[in-house]
Amino acid sequence: MLENELWGNTIENWGISILIILGAIIIVKLLSLLGKKVIKPFVTGTDNHLDDVIFYSLEAPVKFAIILLGIWIAIHRLVYPDSFVKVVDNAYSILIVLDITWFFGRLFSSLLQVYWGKQSNGQANKMMPIIKRTILVIVWLIALCWELWVLVVSHLLWQHKIQ
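Residues numbered from 1 in each chain as written. Predicted model: local features only at pLDDT ≥ 70, side-chain atom pairs only at ≥ 80, totals over all residues. Heavy atoms only, no water.

Caption draft 1: Structural detail: the side chain of T101. Looking at the element boundaries, T101 is found in helix α3 (residues 82-116). Sequence-distant contacts of T101, defined by excluding residues within four places in its chain, comprise V139, W140 and A143. (Helix = DSSP H or I, 4+ residues; strand = E, 2+ residues; numbered from the N terminus. Contact = heavy atoms within 4.5 Å.)

As structure tokens, then:
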């Protein structure tokens, strides 16, 4: 029964791929539990705020990256046409750049809030929203330019491979 084929892959291969994705989800849940029970109390107990900012900035993007990795491994162990693999690889390059950009956006935003959000007299810095938005726009524009460059190079390499 496991040797029957469905869309060019055996049912056994489909099952293994699904188990890989479920394994990635379980790893993310365990990482969340570890972060909540061990890392977060340790980080919040320190005097400086830099470790708080780094933990907050890394937590969600790392979980997303683990899920992406699990799905990528599961998809790439199955047999698909080259055109589908190219589309999946391009989508993953976009998702990876978005994940990295998400991390840097959270990091810069948090660093600004913690270290520059209040003036010496305790009042909120009035320029903070404008500066925060400007830095986030710059981070996302850099990511957009990077991704466009990656897609163009990928397309050129793909065209060269076909010829």
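Caption draft 2: Expanded view of the layout of surface pockets. Its volume calculated, the largest pocket comes out at about 150 Å³. Every residue along the wall of the largest pocket is listed here: L31, S32, G35, I39, I54, F55, L58, E59, V62 and K63. For the lining of the largest pocket, the secondary-structure elements that each account for two or more residues are α1 (11-44) and α2 (50-76). Counting residues per element, the lining of the largest pocket draws most heavily on α2, at six residues. Along the lines of polarity and charge, the residues of the lining of the largest pocket split into six nonpolar, two polar and two charged. (1 Å grid on protein atoms, 1.4 Å probe; cavity = no way out; pocket = protein on both sides within 12 Å on 5 of 7 lines; lining within 4 Å. Points joined across faces, edges and corners; volume = space filled by probe spheres on them. Nonpolar A, V, L, I, M, F, W, Y, C, P; charged D, E, K, R; others polar.)

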